[in-house]
Amino acid sequence: MSTQILAVLAVTVAIAAFVQGSSGLGFALIVAPVAGILDPGLVPVFVLASMIPLNLFVAWRERSSLDLRGAGWITGARLAATPAGLAVLWLIPERSLGLFVGGATVLAAVASLTVPAFTPGRAAYVGAGAVTGLTETATGVGGPPLALVYQHRPPAELRSTVAACFLIGEVASLALLFATGKAEVTELGHAVVLLPAIAAGAWLSRLVHHRLDARRMRLFVLVFALVSGLVLMLRA
């Protein structure tokens, strides 16, 4: 990987870590399309691996606000749907992965922008977990379904619960990808190299997450994801 690409990725993951640490979502929506444009081989392993330390930090920071009931239903469904995400990777030719990631990003952003407010129940938790397991394993993008479920809950509950669900799911997705030969240990190297950038973004989010306008940040993330996803689709 060239120095220029590494520098762009470092800036991208730092911004994405700040956004997700502050608002509860956004890392994959920002990083996945940029990584797909720079090097499609970075998706989904690099995105999944990069999110693990960030979500561990956020889940621990706001553990007192965790929705254990919702997280339990989401995680169960998410783990059950993980093999389906792997099947998608097996079925899609590598040359078409950029188009798939871009399309998934655009659809996720549009859904997040247009779905009306609702009160989540067991069905919503299970549905969000299942969709997340499918899309996150295949593309690294899985936040919007969880954001939809928790968008009208207190910000701390959204951040902590989404982070905890992501953390478990990302470990499961990576384990399955490695076990089936769809990932190599060397692919984790880029995430390790960029740990300081992730840590910087997460640390900065700690300074502002109580004061930040989460709704405006969410809108920024979704618009960015929409544009990036369209660019990735056009380049595919």
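Just so you know, these numbers come straight off a predicted model, no measurement behind them.

Help me understand the overall build of the protein chain in this model?
Within the protein chain, the regular secondary structure consists of 11 helices and 0 strands. Starting at the N terminus and ending at the C terminus, the protein chain contains elements arranged as α-α-α-α-α-α-α-α-α-α-α. Rg of the C-alpha trace for the protein chain: 16 Å, near the compact-globule value of 18 Å for 236 residues, within the 12% margin. Across its three principal directions, the C-alpha atoms of the protein chain cover 40 × 35 × 30 Å. For the protein chain, buried positions account for 50% of its 236 residues. Within the protein chain, contacts between residues at least 6 apart in sequence are counted, and of these 83% link residues at least 24 apart. By element, 71% of the accessible surface of the protein chain is carried by carbon and sulfur atoms, the whole surface being about 10300 Å². For the protein chain, the separation between the mean place of its 15 positive charges and that of its 10 negative charges on side chains is 9 Å.

Would you mind going over the nonpolar core with me for this structure?
One broad trend across soluble globular proteins is that nonpolar side chains are buried collectively. Val13, Phe27 and Phe46 are the most contacted members of the largest nonpolar core, which has 58 residues in total. The dominant element in this core, judged by the number of residues it contributes, is helix α3 (residues 45-61), at 9 residues. The residues contacting Phe46, other than those within four sequence positions of it, are Leu9, Val13, Val31, His190, Ala191 and Leu194.

Sorry if this is basic, but what is going on with helix α6 (residues 122-139) here?
Since there are 3.6 residues in each turn of an α-helix, residues three or four apart along the chain are aligned in direction. The end-to-end C-alpha distance of α6 is 25 Å, a good match for the 26 Å that 18 residues give at a rise of 1.5 Å each. Among the residues of α6, those classed as buried are Tyr125, Ala128, Gly129, Thr132, Gly133, Glu136, Thr137, Ala138 and Thr139. In this structure, the buried side of α6 is in contact with α2 (27-38), α3, α4 (68-91), α5 (97-114), α7 (143-150) and α8 (155-179). Just beyond α6, the residue with positive phi is Gly140, at close to 90 degrees.

Help me out: how do you make sense of the environment of Leu97 in this one?
Along the polypeptide, Leu97 turns up in helix α5. We classify Leu97 as buried; its relative accessible area is 10%. Not counting the four nearest positions on each side in its chain, Leu97 is found in contact with Pro40, Val43, Leu89, Ile92 and Ala138.

Which parts of the structure should I look at to understand unusual backbone geometry?
In most cases, non-glycine residues show a negative phi, while peptide bonds are predominantly trans. A cis amide bond links Val43 with the next residue in sequence, Pro44, at an omega value of 0 degrees. Take Pro44: it is sitting in the loop between α2 and α3.

Before we go on, may I ask you to explain the environment of Ser160 in this structure?
Tracing the chain through its elements places Ser160 in helix α8. Residues Ser160 and Val8, spaced 152 residues apart in sequence, show a C-alpha to C-alpha distance of 28 Å. Sequence-distant contacts of Ser160, that is, excluding residues within four places in its chain, are made with Ala59, Glu62, Ser65 and Leu66. A polar side-chain atom of Ser160 sits 3.4 Å from the main-chain carbonyl oxygen of Ser65. At 3.4 Å, the side chain of Ser160 forms a polar contact with the backbone nitrogen of Leu66.

How should the pattern of salt bridges be read in this particular structure?
Any two side chains of opposite charge can pair, given that their charged atoms come close. Counted by the stated rule, this structure contains 4 salt bridges. Note that Glu62 is salt-bridged to Arg61, the shortest N-O span being 2.9 Å. The buried category is assigned to Glu62, whose relative accessible area is 5%. Here Glu136 and Arg78 are joined by a salt bridge, their closest N and O atoms 2.7 Å apart. In this pair, Glu136 is assigned in helix α6 and Arg78 in helix α4, connecting sequence segments 58 residues apart. When sorted by exposure, Glu136 lands in the same class as Arg78, which is buried. In the salt-bridge network here, residues are joined through shared partners; they are Arg61, Glu62 and Arg159.

I'm lost on the packing of α4 against α6 in this one. Help?
In helix packing, the relevant descriptors are the interaxial angle and the interaxial distance, both defined with respect to the helix axes. One way to put it is that α4 packs onto α6 with a least axis distance of 6 Å and a crossing angle of 35 degrees. The handedness of the crossing between α4 and α6 comes out as right-handed. For the contact of α4 with α6, the residue count by class is 13 nonpolar, 7 polar and 4 charged.

Explain the side chain of Thr137 to me, please; I cannot follow it from the model alone.
Along the polypeptide, Thr137 turns up in helix α6. For Thr137, the side chain forms a polar contact with the main-chain oxygen of Gly133, separated by 2.8 Å. Polar side-chain contacts of Thr137 include one of 2.8 Å to the side chain of Ser173. Leaving out residues up to four positions away in the same chain, Thr137 has contacts with Pro44, Arg78, Thr82, Gly85, Leu86, Leu89, Thr132, Ser173 and Leu177.

Cut-offs used in this document
- Residues numbered from 1 in each chain as written.
- Predicted model: local features only at pLDDT ≥ 70, side-chain atom pairs only at ≥ 80, totals over all residues.
- Heavy atoms only, no water.
- Helix = DSSP H or I, 4+ residues; strand = E, 2+ residues; numbered from the N terminus.
- Rg over C-alpha atoms; globule rule 2.2 N^0.38 Å.
- Buried < 20%, exposed > 50% of the residue type's maximum accessible area, 1.4 Å probe, protein only.
- Contact = heavy atoms within 4.5 Å.
- Areas by Shrake-Rupley, 256 points an atom, 1.4 Å probe, with all protein chains shown as cover.
- Lys, Arg positive; Asp, Glu negative; His and termini not counted.
- Charge placed at Lys NZ, Arg CZ, Asp CG, Glu CD.
- Core = buried A, V, L, I, M, F, W, Y, C linked by side-chain atoms within 4.5 Å.
- Expected span 1.5 Å × (residues − 1).
- Polar contact = N/O pair within 3.5 Å; in protein donor to acceptor, adjacent residues only side chain to side chain.
- Salt bridge = Lys/Arg side-chain N within 4 Å of Asp/Glu carboxyl O.
- Axes fitted to C-alpha atoms, helices over the stretch in contact; angles between N-to-C directions.
- Left-handed = near helix turned anticlockwise from the far one by under 90°.
- Nonpolar A, V, L, I, M, F, W, Y, C, P; charged D, E, K, R; others polar.

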